[in-house]
2 protein chains.
Amino acid sequence: MVRRKSDAPGRLQEAAMALFVERGYDAVTVAEIAERAEMTKRSFFNHFADKREVMFASADALQARVLDVLAAAGDELGPLDAAVEAFATAAAAQVEGYPELARARRTIIDSSTDLQERDLLKMAAMTAAVADALTSRGTPRRDAAFAAQAATAVFTTAVEDWIRDPARGLADAIRDALGGLRGALAIGERDTGSPGARARHRPRG
Amino acid sequence: MVRRKSDAPGRLQEAAMALFVERGYDAVTVAEIAERAEMTKRSFFNHFADKREVMFASADALQARVLDVLAAAGDELGPLDAAVEAFATAAAAQVEGYPELARARRTIIDSSTDLQERDLLKMAAMTAAVADALTSRGTPRRDAAFAAQAATAVFTTAVEDWIRDPARGLADAIRDALGGLRGALAIGERDTGSPGARARHRPRG
């Protein structure tokens, strides 16, 4: 979400968010977004396929960064930890300083079914890309798919926590959420012999 | 996916799927779906809000059934097991006998970004509803959210497995996938003391 004045996609996103907040997502046209950014409608479509995509430039950038970090990661971490650390590193670099922007973006997305659907599609693409990256590191495909889904769940939960309480920091919120996921799933754990799980949960059968 | 001849939504879904397979999702109109089902366009809109929704009557029915099973479940299972068993029971009752229909439906959804987005929105609604149901059973909200996300991941993975290999049965595929999820996440486990995880993964630090 870092942007410079010379950054056309960033200017378009800023103009779009301002207009969406003022008048609602559905009421705003691409021509109006371009005008507010002092650009042409043609320039808008040079950068974004449709009105929705202007809200997801940062999501695409985050995905690229997560994959870069994951490709450079050593093999000392298991797949879930490696994926979660990639989210923490990428998010810390890209969005850590901009909780107000993240909150405004979340409010706009939540206001429109079209945007919620596109957001879910972007997160599904992110999950699939992370699963592919984990598979390339040698994780079996099925394990990679589950680890990627768990990592995405950790990340989206942590972003919500951080938007509510930015003081704690996003990277820390991500690591806290991973602990929360492990705790939540261990509650129902029957067969891996975790002592905590045994104490909390009587096995069936 | 069970339907009788007198079942108007089922007739409309069947007509829609046949037309989507023949001519592609984008090329088919609501008027054509209604005509194929020997109904009026007005009747279509009595049952479905838009062209996309005709593909999700079975998803809405499945969600209602999962929530019914979960509401009636005893408290001997932890939240993840309870949610996964609810999916297994509901899916066994509703779709177990219809793998070809499920495969055709999946192929149509995969053919259209609009349908993929709506599918993801439906699964997100399902996940939120399951999380609410687990919270009502006394699971802390955060744990319930993670358990519901894990259960949905298990379910969607198992449906894919079952579509590829229907002989094994969907309920069994769901229980197998839960084992797969636990194994995949245990690979990266650092702090719950699972011996299997320790043997496979050297902790960082």
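Treat the numbers as computed from the prediction; the structure is a model and nothing was measured.

Chemist: Looking at this structure, how should I read the pattern of salt bridges?
Modeler: Oppositely charged side chains can pair when the atoms bearing their charge come close. Residues and elements named next belong to chain A. Under the definition given, this model contains 38 salt bridges over all chains. In this structure, D60 and K122 form a salt bridge, with 3.1 Å as the shortest nitrogen-oxygen distance. Here D60 is found in helix α4 (residues 57-72), whereas its partner K122 is found in helix α7 (residues 113-136), with 62 residues between them in sequence. Residue classification places D60 among the partly exposed residues on the basis of a relative accessible area of 37%.

Chemist: Even after reading the chapter, I still don't get the nonpolar core, so can you show me in this structure?
Modeler: Buried together is how nonpolar side chains tend to be arranged in soluble globular proteins. One finds L80, V130 and I174 of chain A together with L80, V130 and I174 of chain B to be the most contacted residues of the largest nonpolar core, which totals 85 residues. Among the elements that line this core, the one with the most residues is helix α8 (residues 141-164) of chain B, at 13 residues. In this structure I174 of chain B touches V84, F87, A88, A91, V154, F155 and A158 of chain B, once residues within four positions along its chain are discounted.

Chemist: Teacher, can you tell me more about the packing of aromatic side chains here?
Modeler: Aromatic ring pairs: the centre-centre distance and the angle between the two ring planes describe each pair. Residues and elements named next belong to chain A. This structure, assessed with the given rule, holds 8 aromatic pairs over all chains. When the ring of F44 is compared with that of F48, the centres are 5.4 Å apart and the planes differ by 50 degrees; the resulting orientation is tilted. The buried category is assigned to F44, whose relative accessible area is 0%. Ring geometry for F87 versus F155: centroids 4.7 Å apart, planes at 20 degrees, classification stacked. Remark: F155 occurs in helix α8 (residues 141-164) and F87 occurs in helix α5 (residues 79-94); sequence separation between them is 68 residues. As far as burial versus exposure is concerned, F87 and F155 are alike and both buried. Clustering of aromatic rings is evident, with ring pairs tying together F44, F45 and F48. We note K51 situated over the ring of Y25; from NZ or CZ to the ring centre the distance is 4.2 Å.

Chemist: Looking at this structure, I do not really get the UniProt feature "DNA-binding region" (unreviewed entry) in chain A. What am I missing?
Modeler: Here, the residues flagged by UniProt with the feature "DNA-binding region" (unreviewed entry) are residues 29-48 of chain A. Each end of residues 29-48 of chain A is marked by a C-alpha atom, and these two atoms are 13 Å apart; helix forms 70% of the span and strand 0%.

The rules behind these values
Residues numbered from 1 in each chain as written. Chains lettered and ligands numbered in written order. Predicted model: local features only at pLDDT ≥ 70, side-chain atom pairs only at ≥ 80, totals over all residues. Heavy atoms only, no water. Salt bridge = Lys/Arg side-chain N within 4 Å of Asp/Glu carboxyl O. Helix = DSSP H or I, 4+ residues; strand = E, 2+ residues; numbered from the N terminus. Buried < 20%, exposed > 50% of the residue type's maximum accessible area, 1.4 Å probe, protein only. Core = buried A, V, L, I, M, F, W, Y, C linked by side-chain atoms within 4.5 Å. Contact = heavy atoms within 4.5 Å. Phe/Tyr/Trp six-rings, centres within 6.5 Å; stacked < 30°, edge-to-face > 60°. Lys NZ or Arg CZ within 6 Å of the ring centre and 35° of its normal. UniProt positions renumbered as here; feature names shortened; annotations may be inferred.

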